[in-house]
Amino acid sequence: ISFNIINLLNGFLNTQLNCKFSKSKLYNNIIPKNEIENSKLSLRKNIFSILSPLAFIAVKSISNANAAEYYLIEPTKEFKDEEERVLNYKKQQLKIRKDWDVVIEKLIKAEQPAEIESNIKSLTSILKALGDIPSGVKRTELVKTCRSKKFNGKKIKSNWTTDVEIAYQALIQTFNRLLSPDNAGSVLRL
């Protein structure tokens, strides 16, 4: 609305200035053209400096009136649907995390090489099936858990066999691929 007012005034000024100069000195070719442009520019600047605050006040009062009309008392259907999707996603992530934590606990308690290997393979299969890392799972925690099973001080434990090491390396490779967005598509090929 304020821009329309300014455009109307601008057109009016052009008309008035052209008329003023054509009837006076311009008609006699005494006033140079750039002097006419300078006077038009200074007149426009003066009018815009007066009208700009008024236009701002008009726009601000219109936007305040519109804000009062569009204030929502209750959330929209789209908002409620989005909240429901977020809640479902959080529940799903909690369920996945519980499954992950159960397998981690089994891995911590496992003593036989076959148990350790099957638990590590279970973690790898969870990662592959999910195609993502469960929320809250950190690589450092996973590595610490596995290394506590692997090492006794600086020596490798006897229950950490070659098959367990192969399963562990596959788990870490899968985890790393999921961390890197460039390699995310190659997880399913393993």
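Everything here concerns the structure above.
Read on for an overview of the structure. Remember, predicted model here, so these are calculated numbers, not experimental data. (Residues numbered from 1 in each chain as written. Predicted model: local features only at pLDDT ≥ 70, side-chain atom pairs only at ≥ 80, totals over all residues. Heavy atoms only, no water.)

Notes on the overall build of the chain
On a plain count of helices and strands, the chain comes out with 6 helices and 2 strands. Ordering the α and β elements of the chain from the N terminus gives α-α-α-α-α-β-β-α. Sorting the 190 residues of the chain into buried and exposed places 24% on the buried side. Taking contacts inside the chain between residues at least 6 apart in sequence as the whole, the part at least 24 apart equals 65%. When the accessible area of the chain is evaluated, it comes to approximately 13,900 Å², of which 58% is carbon and sulfur surface. (Helix = DSSP H or I, 4+ residues; strand = E, 2+ residues; numbered from the N terminus. Buried < 20%, exposed > 50% of the residue type's maximum accessible area, 1.4 Å probe, protein only. Contact = heavy atoms within 4.5 Å. Areas by Shrake-Rupley, 256 points an atom, 1.4 Å probe, with all protein chains shown as cover.)

Description of the environment of isoleucine 120
Among the secondary structure elements, isoleucine 120 is positioned in helix α4 (residues 113-130). The exposure class assigned to isoleucine 120 is buried, which follows from its relative accessible area of 0%. As a C-alpha pair, isoleucine 120 and alanine 170 span 50 residues in sequence and 8.9 Å in three-dimensional space.

Digging into the packing of α4 against helix α6 (residues 162-179)
One can describe the packing of α4 onto α6 by two numbers: an axis separation of 9 Å at closest approach and a directional angle of 20°. Here α4 lies roughly parallel to α6, going by the angle between them. Handedness of the α4/α6 crossing: left-handed. Contacts from Pro113, Ile116, Glu117, Ile120, Lys121, Leu123, Thr124, Leu127 and Lys128 of α4 reach α6 at Asp163, Val164, Ala167, Tyr168, Ala170, Leu171, Thr174, Phe175 and Leu178. In terms of residue class, the contact of α4 with α6 is built from 12 nonpolar, 2 polar and 4 charged. (Axes fitted to C-alpha atoms, helices over the stretch in contact; angles between N-to-C directions. Parallel < 35°, antiparallel > 145°, perpendicular 65-115°, else oblique. Left-handed = near helix turned anticlockwise from the far one by under 90°. Nonpolar A, V, L, I, M, F, W, Y, C, P; charged D, E, K, R; others polar.)

A short note on the packing of helix α3 (residues 77-109) against α4
Two packed helices can be described by the angle between their axes and the distance between those axes. Interaxial distance between α3 and α4 falls to 9 Å at its minimum, and their mutual angle equals 165°. The pairing of α3 with α4 is recorded here as roughly antiparallel in orientation. For the crossing formed where α3 meets α4, the hand is left-handed. For the pair α3 and α4, contact is made by Ile96, Asp99, Trp100, Val103, Ile104, Lys106 and Leu107 and by Ile116, Asn119, Ile120, Ser122, Leu123, Ile126, Leu127 and Leu130, respectively. Residues of the contact of α3 with α4, tallied by class, amount to 11 nonpolar, 2 polar and 2 charged.

Points about the pattern of salt bridges
Taken as a whole and judged by the stated rule, the model has 7 salt bridges. Between aspartate 99 and lysine 95 there is a salt bridge whose closest N-O contact spans 3.5 Å. Taken as a pair, aspartate 99 and lysine 95 lie in helix α3 at a separation of 4 residues, close to a single helical turn. Note on lysine 95: relative accessible area 54%, which makes it exposed. (Salt bridge = Lys/Arg side-chain N within 4 Å of Asp/Glu carboxyl O.)

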